[in-house]
Amino acid sequence: MATDSIDLQEIYQFAIQLAKDAGRLILEGSSKRTQSAATTQDPDTKKNRVDLVTETDQAVEAFIKRSIADKYPSFKFIGEESFAGGERVDLTDEPTFIVDPIDGTTNFVHAIDFVCCSIGFTFKQEPVIGVIYNPFLDKLYSALQGHGAYLNQTTRLPLTHPNPPPLPSLGDAVIGVEWGSDRSKAVIEKKGRTYMKLAADGKDVEGGVMAHSLRSIGSAALNYSMVAAGQLDLYWEIGCWSWDVCAGTIIAHEAGGKVYGKGGKPWHPQDLMGHHFFVVRAIADTPGGETGEQAQDRIAKEFFQVAEEWD
Ligand code: 2AM
Ligand code: CA
Ligand code: CA
Ligand code: CA
């Protein structure tokens, strides 16, 4: 297709409106968000009884997919619930929407307000547009490549823009982590050991860094949004998917955050299709001569001396 002719500004405005409309559907569906409404249908991809999906997840994805097909019939679409339904799509150079209709389904089912719709868009394999909307808190995080990241379309991110605070060490950080839905012994032991080292004092636990704290807010996309805002210092995730992080990747990047590949390696576009994610918030240049990016790399290095890695 004539990809040179795509109008990113127009697609950005379309994605913002789509996220707001999806948010309305999520609010409407919230009256039905009970434990019993959640099922674990499709045993192939919905692995176990904590991997929840509701009718609202599916209805919102169907709405978003239809809206995109009406407006941009030639664009590709990757979405969590379509994937669960057996639709597998590779990342290509083509314009591609990558969507999670509800990120934070467990929160949605338990009436916890950290729920969002995440709409990402890639072009030539790079995330260039991201919109993350939490309808319960009416917070919309968005970014278009090269144009900065915003909260509710007006407040530049990070919230401290243009003066992000320093981050002297990993011990000064509030770190976003999640338990995910893979509760196998291997995964939970590795995550658990890493969380212990992050939380404990080095005098008690070998390698302990005693970070300011850990937070599990239950939505990968909102973790990215909070790193973009500068509320979380970093976020580490193993096990989530492109639809969890596509929008967040460009929002965090446009807010001065740095995203990394597996194990803290430099980010490569195909990392989006993997399951290892790590992002550090914007950090100020220090008068001593360390740039913000050098500080981000230093924190990443410190983190991966602590974190356990796996495939
Ligand atoms: P979901 O709500 O769309 O299912 C909470 O752990 C966060 O991780 C949510 O963003 C959730 O997305 C996502 N998630 C789901 N399964 C996961 C897994 N196995 N590993 C990591 N994250 C997962
Ligand atoms: Ca899910
Ligand atoms: Ca998700
Ligand atoms: Ca989801």
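Residues numbered from 1 in each chain as written. Chains lettered and ligands numbered in written order. Predicted model: local features only at pLDDT ≥ 70, side-chain atom pairs only at ≥ 80, totals over all residues.

If you check an unreviewed UniProt entry, the chain appears there as Inositol-1-monophosphatase from Rhodotorula toruloides. Taken from UniProt, the Catalytic activity (unreviewed entry) comment for the chain reads in full: "a myo-inositol phosphate + H2O = myo-inositol + phosphate". (UniProt positions renumbered as here; feature names shortened; annotations may be inferred.)

K.L.:
Before we go on, may I ask you to explain the UniProt feature "binding site: Mg(2+)" (unreviewed entry) in the chain in this structure?
P.N.:
Per the UniProt entry, the sites bearing "binding site: Mg(2+)" (unreviewed entry) are Glu80, Asp100, Ile102, Asp103 and Asp244 in this numbering. Across 165 residues of sequence, these annotated residues stay compact in space, with a maximum C-alpha separation of 9.6 Å. With respect to the helices and strands, aspartate 100 occurs in strand β2 (residues 96-103). With near-sequence residues (within four places) excluded, aspartate 100 lies in contact with Glu80, Ser118, Ala221, Trp243 and Asp244. (Helix = DSSP H or I, 4+ residues; strand = E, 2+ residues; numbered from the N terminus. Contact = placed C-beta atoms within 7 Å.)

K.L.:
Looking at this structure, how should I read the sheet that holds β2?
P.N.:
One key point about sheets: their strands pair by backbone hydrogen bonds, in either a parallel or an antiparallel sense. Read from one edge to the other, the open sheet built from seven strands follows the order β1-β2-β3-β4-β5-β6-β7, with strand pairing classed as mixed. Edge positions in the open sheet fall to β1 (76-79) and β7 (155-157), since each of these has one partner strand only. Within this sheet the neighbouring strands show an average axis-to-axis angle of 20 degrees, counted without direction. Direction of pairing for strand β4 (residues 126-134) relative to strand β5 (residues 139-144): antiparallel, over a ladder of six bridges. Bridge pairing in β5 places glycine 130 opposite alanine 143. Each of β2, β3 (116-123), β4 and β5 touches helix α1 (residues 8-29); the most contacted strand, β4, lies at about 30 degrees to it. (Pairing = 2+ DSSP bridges. Axes fitted to C-alpha atoms, helices over the stretch in contact; angles between N-to-C directions.)

K.L.:
How do you make sense of the sheet that holds strand β8 (residues 174-176) when you look at a structure like this?
P.N.:
The sheet built from five strands is open, its strands ordered β9-β8-β10-β12-β11 with mixed pairing. Every other strand in the sheet has two partners, leaving β9 (213-215) and β11 (258-260) as the edge strands with one partner each. Looking at each pair of strands side by side, their axes are set apart by 20 degrees on average, direction ignored. As defined by bridge partners, strand β10 (residues 234-238) adjoins strand β12 (residues 276-280) across five bridges and the pair is classed as antiparallel. Each residue of the ladder has a partner; that of glutamate 237, found in β12, is phenylalanine 277.

K.L.:
Quick question: what am I supposed to make of α1 here?
P.N.:
Side chains of residues three or four places apart in an α-helix project in the same direction, reflecting 3.6 residues per turn. Across its 22 residues, α1 extends 31 Å between first and last C-alpha, which sits within 8% of the 32 Å expected from 1.5 Å per residue. Taken together, the buried positions of α1 are Ile11, Tyr12, Phe14, Ala15, Leu18, Ala19, Ala22, Gly23 and Ile26. On its buried side, α1 packs onto α2 (55-71), β2, β3, β4 and β5. (Expected span 1.5 Å × (residues − 1). Buried ≥ 20, exposed ≤ 12 C-beta atoms within 10 Å, placed from the backbone.)

K.L.:
Mind showing me how you'd approach the nonpolar core here?
P.N.:
Here is a general trend for soluble globular proteins: nonpolar side chains tend to be buried in one another's company. Core analysis: the biggest nonpolar cluster contains 82 residues, and Ala15, Tyr224, Ala228, Leu234, Ile251 and Val279 have the highest contact counts within it. A domain-level breakdown of this core finds at least three residues from each of domain 1 (3-157) and domain 2 (170-306). Excluding anything up to four places from it in sequence, alanine 228 contacts Tyr141, Ala149, Leu157, Pro158, Ile251, Ala252, Ala255 and Gly257. (Core = buried A, V, L, I, M, F, W, Y, C linked by C-beta atoms within 7 Å. Domains from an automatic or database assignment.)

K.L.:
In this structure, what is going on with the site of ligand 1? I would like to understand it.
P.N.:
Within the structure, ligand 1 sits among 16 residues, and Glu178, Gly180, Ser181, Ala220 and Gly239 are positioned closest to it. Counting only domains with at least three residues in the shell around ligand 1, you end up with domain 1 (3-157) and domain 2 (170-306). (Near = placed C-beta within 6 Å.)

K.L.:
Help me understand the confidence of the model for the chain in this model?
P.N.:
Reading predicted coordinates in detail is not appropriate for stretches of low pLDDT. Residue-level pLDDT values for the chain average 94, and 94% of them are 70 or greater. In the model, residues 41-45 has pLDDT below 50 throughout and makes four contacts with residues more than four positions away in sequence or in other chains. What the predictor reports for the complex is a pTM of 0.95 with an ipTM of 0.93. (pLDDT = per-residue confidence, 0-100.)

K.L.:
Please explain the domain arrangement of the chain as it appears in this structure.
P.N.:
Many descriptions give the size of an interface as the accessible area lost when the pieces come together. As assigned here, the chain comprises domain 1 (3-157) and domain 2 (170-306). Computed over C-alpha atoms only, the centres of domain 1 and domain 2 are separated by 22 Å. Domain 1 puts 40 residues into the contact, and the matching count from domain 2 is 27 residues. Listed by contribution, the elements that provide at least two residues to the side of domain 1 that touches domain 2 are β1, β2, α4 (105-109), β3, β4, β5 and β6 (149-151). The element that contributes the greatest number of residues to the side of domain 1 that touches domain 2 is β4, accounting for eight residues. Among the residues forming the side of domain 1 that touches domain 2, the class breakdown is 20 nonpolar, 14 polar and six charged. (Nonpolar A, V, L, I, M, F, W, Y, C, P; charged D, E, K, R; others polar.)

K.L.:
Would you mind showing me how to read the environment of phenylalanine 75 here?
P.N.:
Note that phenylalanine 75 resides in the loop between α2 and β1. The exposure class assigned to phenylalanine 75 is partly exposed, which follows from the 18 C-beta atoms found within 10 Å. For the pair phenylalanine 75 and proline 95, spaced 20 residues apart in sequence, the C-alpha separation works out to 5.4 Å. Excluding its chain neighbours within four sequence positions, the residues that come into contact with phenylalanine 75 are Ile68, Pro95, Thr96 and Phe97.

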